[in-house]
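Chain residues, written in single-letter form:
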Amino acid sequence: MRLLARVLIAAGLTYCLSVPATAQQLGAGADTDIPPTAPQQSSRDDGRAQYPRGLANSFVSLTVGYIHYPFSERQLEPGQQATSIDVPHVAARAVLFGHHFGKYWSAQASYMRPVKYVRYSNLNGSDASRTVWMHFGTVTLQARRPVGERLSFYGEGGLAITTRGGFDVGQTPAVKDAHFASLLLGGGLEYRMTRAVDFVAGSAYIPPRSKDTNPFTLFTSAGVRYNMRPLPAARVAETIDAGFTFPANLVQAGYATDAFGFGVNNFFSKTVPVFWGGHVEVKRSVLSVQYQRNVFHTKKVFAFDVGAAFTEWRSHDSDGFRTLSAFPVARFTFLRLKPADVYFAYSVAGPTYISKVVIDGLHTGSHFTFQDFMALGLFVGSKRRLNVEINLNHYSNGNLLNENAGVKIPLALKLGYAF
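Scope of this entry: the structure provided in the associated data block. Only a predicted model underlies this, so the values are computations on that prediction, with no experimental measurement involved.

Description of the overall build of the protein chain
If you tally the helices and strands in the protein chain, you get 4 helices and 22 strands. In the protein chain, which comprises 419 residues, the proportion classed as buried is 48%. When contacts within the protein chain are restricted to residue pairs at least 6 apart in sequence, those whose partners lie at least 24 apart make up 68%. Split by element, the accessible area of the protein chain, about 19,100 Å² in all, is 61% carbon and sulfur.

Side note on the environment of P52
Summarising the element assignment, P52 is placed in the loop between α2 (23-29) and β1 (58-68). Taking the C-alpha atoms as reference, P52 lies 8.7 Å from P230; in sequence the two are 178 residues apart.

Looking at the pairing of strand β14 (residues 280-297)
With 5 bridges connecting them, strand β13 (residues 249-256) and β14 associate as antiparallel partners. The residue bridging L250 from the neighbouring strand is Q292, located in β14. Bridging between β14 and strand β22 (residues 407-418) involves 2 bridges; their strand directions are parallel. Looking across to β22, one finds that E281 is bridged to K408. Summarising the sheet, β14 and strand β15 (residues 302-315) pair through 13 bridges and their orientation is antiparallel. For R293, the partnering residue across the bridge sits in β15 and is V306.

Concerning the environment of F244
Of note, F244 is situated in the loop between α3 (233-242) and β13. Through-space distance from the C-alpha of F244 to that of H297 is 10.0 Å; in sequence the pair is 53 residues apart. Sequence-distant contacts of F244, that is, excluding residues within four places in its chain, are made with K299, K300 and R336.

A look at the packing of aromatic side chains
Applying the stated criterion across every chain yields a total of 14 aromatic pairs. For the pair F267 and F268, a centre-to-centre distance of 5.0 Å together with 85° between the ring planes defines the contact as edge-to-face. Its relative accessible area of 37% is what places F267 among the partly exposed residues. Pairing W313 with Y395 gives two aromatic rings, centres 6.2 Å apart and planes at 70°, and the pair type is edge-to-face. Pair noted here: W313 is in strand β15 and Y395 is in strand β21 (residues 386-396), with a separation of 82 residues, a long-range link. Note on accessibility: W313 and Y395 belong to one class, buried. One aromatic cluster is present, formed by F275, W276, F344 and Y346 through successive ring pairs. Its end group placed over the ring of F59, R225 keeps NZ or CZ at 5.2 Å from the ring centre. A cation over a ring is seen here: R331 above Y343, with NZ or CZ 5.1 Å from the ring centre.

Let's talk about the pairing of β13
With 7 bridges joining them, β13 and β22 adopt antiparallel strand pairing. Looking at β22, one finds that G254 is bridged to K414.

Examining unusual backbone geometry
Phi at N57 takes a positive value of approximately 70°, unusual for a residue other than glycine. Residue placement: N57 occurs in the loop between α2 and β1. Accessibility expressed as a relative area gives 4% for N57, which makes it buried. Even without being a glycine, S318 presents a positive backbone phi close to 70°. Counting through the fold element by element, S318 comes out in the loop between β15 and β16 (320-336). With relative accessibility at 56%, the residue S318 sits in the exposed group.

Observations concerning the side chain of D212
Within the secondary structure, D212 is located in the loop between β11 (197-206) and β12 (217-228). The contact partners of D212, leaving out residues within four places of it in the chain, are R164, A178 and F180.

Here is what the cut-offs are and how they apply
Residues numbered from 1 in each chain as written. Predicted model: local features only at pLDDT ≥ 70, side-chain atom pairs only at ≥ 80, totals over all residues. Heavy atoms only, no water. Helix = DSSP H or I, 4+ residues; strand = E, 2+ residues; numbered from the N terminus. Buried < 20%, exposed > 50% of the residue type's maximum accessible area, 1.4 Å probe, protein only. Contact = heavy atoms within 4.5 Å. Areas by Shrake-Rupley, 256 points an atom, 1.4 Å probe, with all protein chains shown as cover. Pairing = 2+ DSSP bridges. Phe/Tyr/Trp six-rings, centres within 6.5 Å; stacked < 30°, edge-to-face > 60°. Lys NZ or Arg CZ within 6 Å of the ring centre and 35° of its normal.

All quantities given are derived from atomic positions and should not be read as evidence of function.
Here is the structure:
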């Protein structure tokens, strides 16, 4: 359900993050234990040192645990056999965006998947093995019952979308693909460790789907949730007084080329798996323009932007296609020197229109996909107006559709102007 989750993230953030919050605006919908959030505007206050209205009281979380779905020979098509079926149980669930509606209710969009996929071995008396992958996405509501000052119990219910990628043996389907929506029910407990960080533990259940011969799924996990509570006035004032430069607007133009190969792509998708690769390889960009708007920053290091980009591409076999994206960006300025500020940026969940579905004979899924990128860059000069960036990009639907070749973009050089 990465598709729906990413739509909610990007659309919600693009709309909500554009307006900074005042203490009065936040007071109406915030928890009662939240202090006043912002001092009066000073001449140095850029309005971005406080969480924006739509982001305040929102959250993200990551839990890791045990997933159980009893795959067996029942999922095999008639005439197919397997000597052994291995079902790994380690999985993770990430809440990509959630929001607290007061003390008792919240809503969230999440993405869940196993670390390793189910494997069918020794198919039809041979030594051949194949995997069945399962990805889940959810949009749910939570009802919360506090027990004391720190502990709460919750119940969860909503929509789950399951995507199963099967396999063929020769030209014959052995486990069929499946894609369906169903109910999710769950519950658990939360423990507030700090004002911003909660420990969460619980279980989520997705019922079986007889039409697709898909077993039930039960995921039990524990992890942490980070809550973006409105910041105290003293902390906002400290950020403002620090005086570090965070450009409000950034316009960039870039050029990508495969002249240097895809070694960097492969390194970060395989050797150090922190990014994604793809089967469709882009040869170069024809036109690439991008705009980013900063909506929040901390004292010195972290900045959060929203942006939009348009690019025209040429693939390895000279197929031409275009992409139009909206996206969030997390930027970490890890080095501030007199001549330049050095940063690392990472973006996921950027809803994108891609003009071609089949590129170089490979099926990418649909015209709706997602953009992800990571970058290393500089803001140069006394006012940090000049921007130089090396960028690595990727498009895919996150295996929410059974066709997902993925588009691999080579290194790009971007030049920009900040103001």
